[in-house]
Amino acid sequence: MKQSSRPASPEYMPLTRRSLLQGASAAALLGLVPGGSTAHSLGRSDSAAARSADQSKSFPEKFLWGCATAGYQVEGNNATSDLWALEHIPNSMFKEPSGDACDHYHLYAQDIPMLADLGFNTYRFSIEWSRIEPEEGQFSNAELNHYRRVLAACKEHNLTTLVTYSHFAMPLWFAKKGAWQNSAAPDLYSRYCERATKHLGDMIDFASTFNEPDIPQLLNWLTLSGTEGGGMAQQFQQALVNARAALNAPDFASFFAANPQETRDGLLAAHAKGKVAMKSVRPNMPVGFNLAMSDDQPAPADSHVREKRADVYGPWLEAARKCDYLGVQVYSRSIVGKKDLPPPKEAELTEMGMEFYPECVEGVSRYAAKETGVPIYVTENGIATNDDTRRIEYYRRALAGLKRAIDDGVDVRGYVTWSLLDNWEWMMGYKPKFGIVAVDRATQKRTIKPSGAYLGNIARRNSL
Ligand code: BGC
């Protein structure tokens, strides 16, 4: 399958190797990139870079270094999705609509080489069920072919592909039938999994059934600045009531706005069936999922950390033991009392209101590996900030921690950052900046941040 021949129109200002090097040099000038001239390092061959690397700072051979995106957050105009409908009702739970997002749907053919040129060897992205099956039972070969072209672009640039089949968004028709609360959900989902794997599976290196299926439970414990534990969960219940009325769909449910317990049961069953469906087409394709985790630490008094872990992760860790791998996604720590406590008063907070705590990656990797015994991939980690120097510092400490865990024998095989692009951050709209690449939303011009060059160089060297 050939890569898309769609020419980049002038207003997209495609990145050239020169602009990549300029971005990287800016990082070097700021003294942010270790190892001397960044432009020079970017031009070196992988093997030469690897030889010169200090072995004690090296990561295991074939370690995956990547960036992640999710279709709904970057593609734009995903109008057959439940979230698109939710964005456009009165009192929407979303601060602003996603609109064109990063127009990655059309610009993937420049975004993917940019990622590879930065030094990464892996791309994690999602395929969108609502595009592939926009009406129940009606599959779109044109959309499946779109994702084949995306995968072909990855292969052309030697990227390992981590493909998430469901990253929160779902077809509107499926949501109107009750989403994961519908007893038919596992069958409907596994039919999609089978169809997508038939069309795309030969180019998928790692498949994931679900992104963060434990979120409904996690929200019950989570405290972001300004909300008590469970505060967000209550807001989502209200959103469900609003949505049903506004869409005149009494059974409507979404990933975020739904009954948490029924949603979990449905997701667990759909995961099991979806995995079987994928394997029936491609028995050797590694299948797992991506779990939202926090580095849970006990509060000095009255800690319910064990209860939290059993409630939020328990059934999913059990499911992970039967998988080929587990993707862990972590951004901070939680100090767990009866619920998660608010971040300590003196803590630096990220744009998401979370504590700046990069060591969470180490803690969670150790815990997840011990609990499951399967290979661990960090499939999301990063920070929302407008201060890119803090992002670099975050990566520095996060990776130092990950390296300690690996040196202690923890089986971690990859690190994928969230996110490649500044994207649409769900309820919070476009404000939080997670990207290593900035996006001008008027022109769709991409600008590599110093943190992109910093992390890309670590990836290229496979070494700190
Ligand atoms: C999700 C992403 C999200 C990120 C940052 C994860 O929960 O998988 O979609 O944008 O965290 O909030």
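Residues numbered from 1 in each chain as written. Predicted model: local features only at pLDDT ≥ 70, side-chain atom pairs only at ≥ 80, totals over all residues. Heavy atoms only, no water.

*Asks:* Can you help me understand the confidence of the model for the protein chain in this one?
*Replies:* Fine structural detail should not be taken from predicted coordinates in areas where pLDDT scores are low. Of the residues in the protein chain, 87% reach a pLDDT of 70 or more, and the chain-wide mean stands at 90. Within the model, the stretch residues 1–44 combines pLDDT values under 50 with 67 contacts to residues more than four positions away or in other chains. (pLDDT = per-residue confidence, 0-100. Contact = heavy atoms within 4.5 Å.)

*Asks:* Hey, could you run me through the site of the ligand in this one?
*Replies:* Around the ligand, the neighbouring residues are Q73, H167, N211, E212, Q329, Y331, M352, E380, W418, E425, W426 and F434. Measuring from an oxygen atom of the ligand, one finds a side-chain N or O atom of Q73 at 2.8 Å. At 3.4 Å, a side-chain N or O of Y331 approaches an oxygen atom of the ligand. Across the shell around the ligand, the residue classes break down as 5 nonpolar, 4 polar and 3 charged. (Near = heavy atom within 4 Å. Polar contact = N/O pair within 3.5 Å; in protein donor to acceptor, adjacent residues only side chain to side chain. Nonpolar A, V, L, I, M, F, W, Y, C, P; charged D, E, K, R; others polar.)

*Asks:* Even after reading the chapter, I still don't get helix α6 (residues 104–118), so can you show me in this structure?
*Replies:* Since the α-helix packs 3.6 residues into each turn, any two residues three or four apart lie on the same face. With 15 residues, α6 extends only 18 Å from end C-alpha to end C-alpha; this falls clearly short of the ideal 21 Å at 1.5 Å per step. The largest bend in α6 is about 40 degrees, located at Q110, with the proline P113 one to four residues further on. Along α6, 12 of the 15 residues are buried, which leaves the element largely enclosed by surrounding structure. Looking at α6, one finds that the buried residues are H104, Y105, L107, Y108, Q110, D111, I112, P113, M114, L115, A116 and L118. One or two steps after α6, the chain reaches G119, where phi turns positive at roughly 125 degrees. (Helix = DSSP H or I, 4+ residues; strand = E, 2+ residues; numbered from the N terminus. Expected span 1.5 Å × (residues − 1). Bend = angle between axes of the 7 residues up to and from the residue. Buried < 20%, exposed > 50% of the residue type's maximum accessible area, 1.4 Å probe, protein only.)

*Asks:* Sorry if this is basic, but what is going on with unusual backbone geometry here?
*Replies:* For residues besides glycine, phi is generally negative; the peptide bonds are generally trans as well. In this structure, the amide linkage connecting W418 to the following residue, S419, adopts the cis form with an omega of 15 degrees. For A101, which is not a glycine, the phi torsion comes out positive at approximately 50 degrees. In the Ramachandran plot, N462 falls in the positive-phi region, its phi being about 55 degrees despite a non-glycine side chain. With respect to the helices and strands, the residue N462 is situated in the segment after α18 (450–461). Taking the relative accessible area as the measure of exposure, N462 reaches 18% and is therefore buried.

*Asks:* Sorry, what's going on with the pattern of salt bridges here?
*Replies:* Side chains that carry opposite charge are capable of pairing whenever their charged atoms lie near each other. Overall, the coordinates contain 27 salt bridges when judged by the stated rule. The shortest N-O distance in the salt bridge between R264 and D311 comes to 3.7 Å. Of the two residues, R264 is situated in helix α13 (residues 260–281) and D311 in helix α14 (residues 305–312); the sequence distance between them amounts to 47 residues. Residues D408 and R366 are paired through a salt bridge, measuring 2.9 Å at the closest nitrogen-oxygen approach. Highlighted residues: D408 in the loop between α17 (388–407) and β8 (412–418) and R366 in helix α16 (residues 360–372), separated in sequence by 42 residues. Accessibility expressed as a relative area gives 56% for D408, which makes it exposed. Its relative accessible area of 28% is what places R366 among the partly exposed residues. Taken together, the shared-partner salt bridges connect D296, K308, R309 and D340 into one network. (Salt bridge = Lys/Arg side-chain N within 4 Å of Asp/Glu carboxyl O.)

*Asks:* Whenever I open this one, the packing of α6 against α18 confuses me. Can you help?
*Replies:* Relative placement of two packed helices is described by the angle separating their axes and the distance separating the axes. Put simply, α6 and α18 touch, their axes get as near as 8 Å, and they point 65 degrees apart. Residues A116, D117 and L118 of α6 touch α18, and the partners they reach there are G452, A453, G456, N457 and R460. Class assignment for the residues of the contact of α6 with α18 results in 3 nonpolar, 3 polar and 2 charged. (Axes fitted to C-alpha atoms, helices over the stretch in contact; angles between N-to-C directions.)

*Asks:* Would you take a moment to explain the packing of α17 against α18 for this structure?
*Replies:* Running from N to C, α17 and α18 cross one another at 20 degrees; their axes reach a closest spacing of 8 Å. When the axes of α17 and α18 are compared, the pair comes out roughly parallel. Read as a crossing pair, α17 and α18 show a hand that is right-handed. Of the residues in α18, those touching α17 at D388, R391, I392, Y395, R396 and L399 are P450, S451, Y454, L455 and I458. When its residues are assigned to classes, the contact of α17 with α18 shows 7 nonpolar, 1 polar and 3 charged. (Parallel < 35°, antiparallel > 145°, perpendicular 65-115°, else oblique. Left-handed = near helix turned anticlockwise from the far one by under 90°.)

*Asks:* Can you walk me through the sheet that holds β8 in this structure?
*Replies:* Note on sheets: strands pair through backbone hydrogen bonds, and any given pair is parallel or antiparallel. The sheet built from 8 strands closes into a barrel, its strands ordered β1-β2-β3-β4-β5-β6-β7-β8 with parallel pairing. Taken over all neighbouring pairs, the strand axes of this sheet differ in orientation by 30 degrees on average, direction set aside. Here strand β6 (residues 326–336) pairs with strand β7 (residues 376–380) via 4 bridges, running parallel. Within β7, the residue paired with V328 across the bridge is V378. On top of the sheet, α13 reaches β4 (206–211) and β5 (287–298); it is set at about 160 degrees to β4, its chief contact. (Pairing = 2+ DSSP bridges.)

*Asks:* How do you make sense of the packing of aromatic side chains when you look at a structure like this?
*Replies:* Here the distance between the centres and the angle between the planes together describe a pair of aromatic rings. Tallied over the entire structure, the rule returns 34 aromatic pairs. An aromatic cluster of three or more residues is present, and its members are Y72, F94, F168, F236, F255, F256, W424 and W426. In this arrangement the basic side chain of R390 is found over the ring face of F356, its NZ or CZ atom lying 4.5 Å from the centre. One cation-aromatic arrangement involves R441 over Y430; the distance from NZ or CZ to the ring centre is 3.5 Å. (Phe/Tyr/Trp six-rings, centres within 6.5 Å; stacked < 30°, edge-to-face > 60°. Lys NZ or Arg CZ within 6 Å of the ring centre and 35° of its normal.)

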